[in-house]
Amino acid sequence: MAVAPPQLVFFFVLIIGFCFDPTHQKPSVSLNTTRLSKSGDSVLIKWSGVDSPSKLDWLGIYSPPSSRNHHFLGYKFLSSSPTWQSGSGSISLPLINLRSNYSFRIFRWSESEVNPDKRDHDDNPLPGIKHLLATSPELAFESGRVPDQIHLSYTDRLDEMRVMFVTPDRDQRAVKYGARKDGLDDVAAARVSRYELQHMCDWPANHSVGWRDPGFVHDGVMTNLKSGVRYYYKVGSDDGGWSETHSFVSRNGDSDEAVAFMFGDMGTTTPYATFFHMQDESVATIKWILRDIEALGDKPAFVSHIGDISYARGYSWLWDHFFNQIEPVATRLPYHVCIGNHEYDWPLQPWKPEWASSIYGKDGGGECGVPYSVRFNMPGNSSESTGTSAPATRNLYYSFDMGSVHFVYISTETNFVTGSKQHEFIKRDLESVNRTKTPFVVVSGHRPMYTTSNEGRDAEMRRQMMEHLEPLFVNNNVTLALWGHVHRYERFCPLSNFTCGSRGPVHVVIGMAGQDWQPIWQPRADHPTVPIFPQPLRSMYRGGEFGYTRLVASKEKLTLSYVGNHDGQVHDSVTILASGEVLGGEAGGAGVNALGNGIKAAVNDSDGYGVAGFGGKSDSKLSLFVKGASVLVLGAFIGYVIGFVSHARKKAVPKNSWIPVKREEEEDS
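Computed from a prediction, not measured in an experiment: that's the story for all the values here.

Enquirer: What am I meant to see in the overall build of the chain here?
Expert: Counting its regular elements, the chain contains 10 helices and 34 strands. Each of the 669 residues in the chain was classed as buried or not, and the buried ones make up 57%. Across the chain, every contact between residues at least 6 apart in sequence was considered, and the portion connecting residues at least 24 apart equals 71%. Working note: accessible area of the chain is about 27100 Å², and carbon and sulfur atoms make up 53% of it.

Enquirer: Please explain the sheet that holds strand E4 (residues 58-62) as it appears in this structure.
Expert: Within a sheet, each strand pairs with its neighbour through backbone hydrogen bonds, oriented either parallel or antiparallel. As summarised here, the arrangement of the 4 strands in space is E5-E4-E7-E8, forming an open sheet in which the pairing is antiparallel. Across the chains shown, the open sheet's two edge strands, defined by having one partner strand only, are strand E5 (74-77) and strand E8 (131-135). Neighbour to neighbour, the strand axes of the sheet diverge by 30° on average, direction disregarded. Where E4 lies against strand E7 (residues 103-108), 5 bridges are found, and the strand directions are antiparallel.

Enquirer: What am I meant to see in the nonpolar core here?
Expert: Among soluble globular proteins, nonpolar side chains are generally buried collectively. If you look at the biggest cluster of nonpolar residues, it comprises 161 residues, and the most contacted ones within it are Phe 473 and Leu 551. Leave out the neighbours within four places in its chain, and Phe 473 touches Ile 410, Ile 426, Leu 430, Val 443, Met 449, Val 478, Ala 481, Trp 483 and Pro 505.

Enquirer: I tried to follow unusual backbone geometry on my own but got confused; where do I start?
Expert: Where the residue is not glycine, phi is negative for most of them; where a peptide bond is considered, it is trans in most cases. Cis peptide bonds are those with omega within 30 degrees of zero, and the linkage from Ser 63 to Pro 64 qualifies with 0°. By the secondary structure assignment, Pro 64 is in the loop between E4 and E5. In this model, Trp 203 is joined to Pro 204 through a cis peptide bond whose omega is 5°. Relative to the assigned elements, Pro 204 resides in the loop between strand E13 (186-193) and strand E14 (216-222). Here the phi dihedral of Asp 308 falls at roughly 50°; this positive angle occurs in a residue that is not glycine. The residue Asp 308 is located in the loop between strand E19 (302-306) and helix H3 (317-330) in this model.

Enquirer: I'm lost on H3 in this one. Help?
Expert: Side chains three or four residues apart in an α-helix point the same way, a direct result of the helix having 3.6 residues per turn. Taking 1.5 Å per residue, 14 residues should reach 20 Å; H3 reaches 19 Å between its end C-alpha atoms and fits that length. Helix geometry: H3 is bent most strongly at Asn 324, by close to 25°, with proline Pro 328 lying one to four residues after it. Along H3, 13 of the 14 residues are buried, which leaves the element largely enclosed by surrounding structure.

Parameters at a glance
Counting restarts for each chain, with residues numbered from 1 along the sequence as it is written. In keeping with the model being predicted, local features are shown solely for residues with a pLDDT of at least 70 and side-chain atom pairs are shown and tallied solely at 80 or more, while totals for entire chains, interfaces and linings include all residues. Processing note: side-chain calculations cover all non-hydrogen atoms of the structure and skip hydrogens and water entirely. Helix and strand assignments come from DSSP, with helices taken as H or I runs of at least 4 residues and strands as E runs of at least 2, each series counted from the N terminus. Classification of residues uses two cut-offs on accessible area relative to the type maximum, computed with a 1.4 Å probe and protein chains only: under 20% is buried, over 50% is exposed, and between them is partly exposed. Residues are treated as being in contact if the distance between any of their heavy atoms lies within 4.5 Å. With residues, only the protein chains shown are counted as cover, and all accessible areas are computed by Shrake-Rupley using a 1.4 Å probe. Strands were regarded as paired on the criterion that DSSP finds at least two bridges between them. Angles run from 0 to 180 degrees between N-to-C directions of axes, and those axes are lines fitted to C-alpha atoms, restricted for helices to the stretch in contact. By nonpolar core we mean a set of buried residues, namely Ala, Val, Leu, Ile, Met, Phe, Trp, Tyr and Cys, connected to one another through side-chain atoms within 4.5 Å. Given the number of residues in a helix, its expected span is that number minus one, multiplied by 1.5 Å. What is called the bend at a residue is the angle between a pair of axes, fitted to the seven residues leading up to and ending at it and to the seven starting from it.

Below, the structure is given as structure tokens:
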């Protein structure tokens, strides 16, 4: 009879002793609750029993709980807990209702297992899933079927307001509304729509790694509204539950006043790391706009978000995060949008002329405009076929009046050249504007016609826009042309064919609301080693501050002000009179925000010269061209200084700082 070697006997003794050691604790995950009441509530996730913890051990967030290990929503490293080295710790996470339960899993991951070929958008390795240590109980939301993601928008009628929201089922929902909070006597039924995984056009949107059930989108219209009246409303049903009561001020067709909060490229944020770098600055943008809404009182206003809306790019739960984030604003003001490259672009999009082959890429993450088209419903009836089984792409171009301003939205991602449906719409719309009623015309689109950023790939796009769209803008006296895509603020003089003059709109790039891939300004070609970024004469102001713009207009003047997120102050503004004269802008921000009475005073200021930037005043009435020479000299000097400082700062960036790693310009915008 064979006898086991002593070494093997010793090994088995150790194993048996370990298994029956009363002090040994298996890894476990627990929750302080298994039910949250509403989106935004937090759960405390606790773990213990993790032997020899690694700084790369991580917590995965999953919904639905049946998701495969590598199909997480996001993750947090256990080392973010101060007690992680003891093998136990806790993390608190605010969560939104995704209409399915959550679960949480802990994984062991070591540096030797890092796969350099699997990286997120920031070039960080994606966590490994080889060693699952523990799984939590499931977490649910009490609210279940109560509507979420509520947002308003105008329709084609002055006496209407649209409200949209999401639920987990297609059961009948309605809108109750009225002019008194305790008298919601009017009822409007909401129609329901939805999109499916097979409607997506490319990866990751059409793959289980990116797809999550988007719920059912309900769309109701409140009708027969009186002008300029505050209305109260709630959405839902008796069976499924009702939302809390919200309010808005209806559009006032008898008023000349117009107020709007305008920006592009905001995105959203999540409380965990995910496949993409998130737009944390979006939180500050919403915060300051909410401040301004409070100061508005009972004046109507709206929000204008001109492309690159959520930056979901095929990871569908990021749309849920976006709508939950904007809900405090979008339940009070209409939220208007136009399409950007990150909502739409995919390899087989139907309009892709040869000159655009390197411009229209994969920036939409395979969504091909479907979530954008179903989750929003803008005025007008513009649409383009996707050429697939997906629903047609909507909300491409439209217009409406507010006070003294005619607002026009266009699509830079679909056919805009002469002879296209969109070009015909823009031409017909601009030519039919009643300049007595609306002396100001503001056109908004995503990709800019003018920018001095170093965006080489879009150069042909800009040339095409100048050939096909600029004549329409100039000949029809467009007041302002607002653009996103470049994640900086830049204001130009009235432009036509790169030339400052008395004709042509003031172009302003306003894509600085959240996304933080910021391109450099265009350098001088003869300075390849020392960066010099001269500011051309046509560029009146440019900056890298995150923020948004506020538009305030009366019958006599329109003012656009640039508000910075770091202080909530105005850093630049420009005023345009109804005659077309452009008054000198004010920059710097010191004392420009008398916010207490500023919003109310702005649209009532009748002297014709104050900056209606919510209370700021400009003492500069000098002509643009009187200042031209000094701006040219000063711009060159400042460009040299900024370039030198930027170069020095770049060399001084600590090695552990976050550095953008997406170098394809088109996907960086």
